[in-house]
Amino acid sequence: MAERSDTEEVKLLGMWPSPFSRRIEIALTLKGVPYEFSEQDITNKSSLLLQLNPVYKMIPVLVHNGKPISESLVILEYIDDTWRNNPILPQDPCERATARFWAKLIDQQICVAAMKVVGKVGDERDAAVEATRDLLMFLEKELAGKDFFGGESLGFVDIVATLVAFWLMRTEDLLGVKVVPVELFPEIHRWVKNLLGNDVIKKCIPPEDEHLAYIRARMDKLNIKSA
Amino acid sequence: MADEVILLDFWPSMFGMRTRIALEEKNVKFDYREQDLWNKSPILLEMNPVHNKIPVLIHNGKPVCESLIQVEYIDEVWPGVNPLLPSDPYQRAQAKFWGDYIDKKVYASARLTWGAKGEEQEAGKKEFIEILKTLESKLGDKIYFGGETFGYVDIALIGFYSWFEAYEKFGNFSIEAECPKLIAWGKRCAERESVAKSLPDSEKIIKFVPELKKRFGIE
């Protein structure tokens, strides 16, 4: 009988409402990798988190056989390098570079612009909406003629872009600001429907009601008006 | 059929230097095309429509944007000589983590050392030194960040080394006093042919900073 210590030990330090944490769960689930999830409280950081991610002290942190990896895009690539079934990144180097480019755009620019939409008011919010839409147009064009960014199946950019589908787009319902209207972004809306038809996505994204309640509570705490 | 490799770049860019170094490490012949960032060429706008920024690597007509993405691409396309990333997944992840750290942290604080005044400049200098110290402790007593071999993390950081004397001059501080091991590392890397070919002289950068300040409207 195999000893417990023979099996891979995979642990994820994360937070249930975090898009960065959820994308790791999507990747592990896609690959059929069993893992232990450890819910973290970043307002009261555990000594484990501080020990495993001393540079940023943030989630997600993946711990594989005792060795920690931080930064969600780095973790996603690590998962893809380690468990080779159901590849997340394409094989071709040019396509890989393109996927990495879009992922970076989403995390470093779209995410930042979207946070400004939530955090600002009046003219500043309008400007943030414009900026977010300009960036999203690139994703809109990228989706033309494809079911997913990855083509016929989920890939790296789809996993990273769940931030748009299930965080930005859920927040806009609560803010009463349509950042991603279907008239301007029909491909993105079509892609979200495709995502919702995928079992792994359905399993791994935060349940809608609880998620909306959480976002609403956070907005109240930050004195942001909810619709 | 020979590969056609074009690099749209700007000589003082520490980001462009990364891609130059990676191509040189792999002995890839490339057509270096200097860009005027204040009068952007049609090819730059066409090949990087999202950011309109350099460096842009154009390989057989197809563009690759973002310097660290280019370094990884170069490693994947020309794997035979001088591997830039480790083959072990965990070591690769560590390299990418630190490359990302350098991207997120170094430029912003470094810029304040010459681009800001008074308290803002002092705060920038302090942060910049802290970040370098973090990197220096990561380097430890190793020859390069990856150990025995020159690679991705070294490439990510070394371009900034060509700007160090300018930071010191305009920021009025000494990097070597705070981070001697990092300076020693910089000197070691600068002896490599790929780096020597790709980094401009510090003097040239020092002469360039006042011109850059004027462009940005900084006094």
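Computed from a predicted structure; not experimentally measured.

Engineer: Is there a simple way to explain the overall build of chain B in this structure?
Structural biologist: On a plain count of helices and strands, chain B comes out with eleven helices and four strands. Taking 2.2 N^0.38 as the reference for a compact globule, 219 residues should give roughly 17 Å; the C-alpha atoms of chain B span a radius of gyration of 17 Å, in line with that estimate. Along the first, second and third principal axes, the C-alpha atoms of chain B reach 55 × 45 × 25 Å. Looking at chain B as a whole, 53% of its 219 residues qualify as buried. Within chain B, counting contacts between residues at least 6 apart in sequence, those at least 24 apart form 69% of the total. Carbon and sulfur atoms make up 50% of the accessible area of chain B, which amounts to about 10,100 Å² in all. Chain B carries 30 positive and 35 negative side-chain charges, and their two centres are separated by 2 Å.

Engineer: Could you clarify how one ought to interpret the UniProt feature "domain: GST C-terminal" (unreviewed entry) in chain A in this entry?
Structural biologist: UniProt marks residues 92-215 of chain A with the feature "domain: GST C-terminal" (unreviewed entry), using the numbering shown here. Helix makes up 75% of residues 92-215 of chain A and strand makes up 0%, while its end C-alpha atoms are separated by 39 Å.

Engineer: For this particular structure, what's the right way to read helix α7 (residues 164-171) of chain B?
Structural biologist: An α-helical segment advances 3.6 residues per turn. Residues three or four places apart therefore align on the same side. What α7(B) keeps buried is the set Phe164(B), Ala166(B), Tyr167(B) and Gly171(B). For α7(B), the buried positions fall inside an angular range of 160 degrees around the axis, keeping them on one side.

Engineer: Help me out: how do you make sense of the packing of helix α4 (residues 89-115) of chain B against helix α6 (residues 152-161) of chain B in this one?
Structural biologist: Residues and elements named next belong to chain B. Between α4 and α6, whose axes approach to 8 Å, the crossing angle comes to 15 degrees. One element, α4, and the other, α6, form an angle in the roughly parallel class. The handedness of the crossing between α4 and α6 comes out as left-handed. The residues of α6 that touch α4, namely those facing Ala-95, Lys-96, Trp-98, Gly-99, Ile-102, Val-106 and Tyr-107, are Tyr-152, Val-153, Ala-156, Leu-157 and Phe-160.

Engineer: Explain the interface of chain B and chain A here, please?
Structural biologist: Often, the extent of an interface is quoted as the loss of accessible area upon association of its parts. If you look at the interface, chain B gives 25 residues, while chain A gives 24 residues. Carbon and sulfur atoms supply 67% of the area that chain B and chain A bury against each other, a total of about 2,200 Å² over both sides. Contact with chain A buries surface across chain B, with Val50(B), Tyr90(B) and Phe97(B) losing the most and accounting together for 27% of the total. Linking chain B to chain A there are eight salt bridges. For Arg96(A), the salt bridge goes to Glu76(B), with nearest N and O atoms at 3.1 Å. Our count for the chain B to chain A interface comes out at nine residue pairs in polar contact (both at pLDDT 80 or more). Ranked by residues supplied to the side of chain B that touches chain A, first place goes to α4(B) with 13 residues. Classifying every residue of the side of chain B that touches chain A gives 13 nonpolar, two polar and ten charged.

Engineer: Explain the UniProt feature "domain: GST N-terminal" (unreviewed entry) in chain B here, please?
Structural biologist: As recorded in UniProt, the feature "domain: GST N-terminal" (unreviewed entry) lies at residues 3-82 of chain B. A helix fraction of 36% and a strand fraction of 21% characterise residues 3-82 of chain B, whose end C-alpha atoms lie 19 Å from each other.

Conventions we followed
Residues numbered from 1 in each chain as written. Chains lettered and ligands numbered in written order. Predicted model: local features only at pLDDT ≥ 70, side-chain atom pairs only at ≥ 80, totals over all residues. Heavy atoms only, no water. Helix = DSSP H or I, 4+ residues; strand = E, 2+ residues; numbered from the N terminus. Rg over C-alpha atoms; globule rule 2.2 N^0.38 Å. Buried < 20%, exposed > 50% of the residue type's maximum accessible area, 1.4 Å probe, protein only. Contact = heavy atoms within 4.5 Å. Areas by Shrake-Rupley, 256 points an atom, 1.4 Å probe, with all protein chains shown as cover. Lys, Arg positive; Asp, Glu negative; His and termini not counted. Charge placed at Lys NZ, Arg CZ, Asp CG, Glu CD. UniProt positions renumbered as here; feature names shortened; annotations may be inferred. Arc of directions from axis to C-beta. Axes fitted to C-alpha atoms, helices over the stretch in contact; angles between N-to-C directions. Parallel < 35°, antiparallel > 145°, perpendicular 65-115°, else oblique. Left-handed = near helix turned anticlockwise from the far one by under 90°. Buried area = accessible area lost by both parts, 1.4 Å probe. Salt bridge = Lys/Arg side-chain N within 4 Å of Asp/Glu carboxyl O. Polar contact = N/O pair within 3.5 Å; in protein donor to acceptor, adjacent residues only side chain to side chain. Nonpolar A, V, L, I, M, F, W, Y, C, P; charged D, E, K, R; others polar.

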